[in-house]
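Close look at the chain arrangement
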Amino acid sequence: MKVTHLTSVHKYNDTRIFLKECTTIAKHDYEVSLVAPQAIEGVYNNVNVYSLNLIYKNRIERFFKSTKLIVEKAMEIDSDIYHFHDPELIPVGIELKKRGKRIIYDIHEDVPRQILNKHWIPGPLRKIISFLFEKYEDSMVKKFDAIIAATPHIEQRFKKNNNLVVNVSNYPIQEELISSRNQMKKENTVVYIGGITEERGSITMLNAINKTSGALNLAGKIINSEEEYKLKSHSVWQAKVNYLGFLDRNQIKSILATSKAGLVVLEPRLNFIDSLPIKMFEYMSAGIPVIASNFPLWKEIIEGNNCGICVDPFNVDEIATAIQWVLDNPDEAEKMGENGRNAVERKYNWETESKKLIKVYSSLVYKGNMEE
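What comes next concerns the included structure. These figures come from a predicted structure and were not determined experimentally. (Residues numbered from 1 in each chain as written. Predicted model: local features only at pLDDT ≥ 70, side-chain atom pairs only at ≥ 80, totals over all residues. Heavy atoms only, no water.)

**Considering a nonpolar patch on the surface**
A surface patch of nonpolar side chains, about 460 Å² in accessible area, is lined by L125, I128, I129, F131 and L132. Looking at the secondary structure, you find L132 in helix α5 (residues 123-140). Here L132 falls in the exposed class, since its relative accessible area comes to 52%. (Patch = residues over 30% accessible without salt bridge, like charges linked within 9 Å, V, L, I, M, F, W, Y side chains within 5 Å. Areas by Shrake-Rupley, 256 points an atom, 1.4 Å probe, with all protein chains shown as cover. Salt bridge = Lys/Arg side-chain N within 4 Å of Asp/Glu carboxyl O. Helix = DSSP H or I, 4+ residues; strand = E, 2+ residues; numbered from the N terminus. Buried < 20%, exposed > 50% of the residue type's maximum accessible area, 1.4 Å probe, protein only.)

Now the structure itself:
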């Protein structure tokens, strides 16, 4: 049974798409391919990687160019099942469905809520575009064979529109990020890993770390030049921020091993409140306490497992107090980290989620055999 994953946005070695989903499926006797932009072509983890040579000036041009190119590449590979990961590829999914293929739409984000925070969309248009896209997406998912949802919230949204909707959360691979005790030479630092924007707490984290005796390891991509200017001109940037840029998986493991806590103090935006950010679970997997926004879902996870501290993401003093407590109480903080690690081993791990993914594939193979 041939399977092809399609993306026009993500890198070919994306953690969820390649390392978790494609690699898992390949281990279960499927012939797996992945089409991604500007990929280094080859065979990795028994996955055939193909490059989409997509050059564009803006998002609109990417949308129109990617649709045509991906349909052509997909039909050239000629798989039985196509699994796509970007909302802009919905037309690709529809076209491939018309050609008799089985289609999975993997929904990583609650896009209508995400649109409300897109700075490149003029403010007055965001609500209109969000509303129209939600209607469009709700209608289109009815045509696909299965929907994979990255969170329970997304799963619930689409259950009324498709008969096969399954939540496959983006939890960490159990053994990937844990370090042995002799590798964990802790420094007086806390860490943030992910996209760096104000709504994700970038300025707030700098203001908070300035009120502590520690320093901040900041890893990830700064979203735009305006954000970069604000951060680098901040009074604390030179003295207490170690900016690491984009890290590979081994580098992430190393920085987690040396940090005393992980930060995820996102603002209470609609697209964040019900999300399950992978960074939160990666901190837990690495055995360090989590300092997280006090959203109800996150409090249930963090406080329910006694693996960190939940804070008001707008309260700099509260965040600073939480950071300082971790730095001043290493034994208690280590116990929190162990609790988080245990929770990952019990529940929040990819090994558990992958079984649900394979079950979806098995049902589509069965469905295809019945139709044939």
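**With respect to the pattern of salt bridges**
Applying the stated criterion to the full structure yields 23 salt bridges. A salt bridge links R16 to E21, with the shortest nitrogen-to-oxygen separation between them at 3.4 Å. The same class applies to R16 as to E21, namely buried. In this structure, the salt-bridge partner of D106 is R16, at a minimum N-O distance of 3.2 Å. Of the two residues, D106 sits in strand β6 (residues 102-107) while R16 sits in helix α1 (residues 15-26), which places them 90 residues apart along the sequence. Across the pair, exposure class does not vary: D106 and R16 are buried alike. If you follow the salt bridges from partner to partner, you end up with D110, R113, E134, E137, D138 and R157 in one network.

**Considerations on the environment of V311**
Within the secondary structure, V311 sits in strand β14 (residues 308-311). Once the C-alpha coordinates of V311 and V165 are considered, the two residues, 146 residues apart in sequence, prove to be 33 Å apart. Apart from the residues lying within four places of it in its own chain, the contact partners of V311 are V265, I291, A292, S293, N294, E318, I319 and A322. (Contact = heavy atoms within 4.5 Å.)

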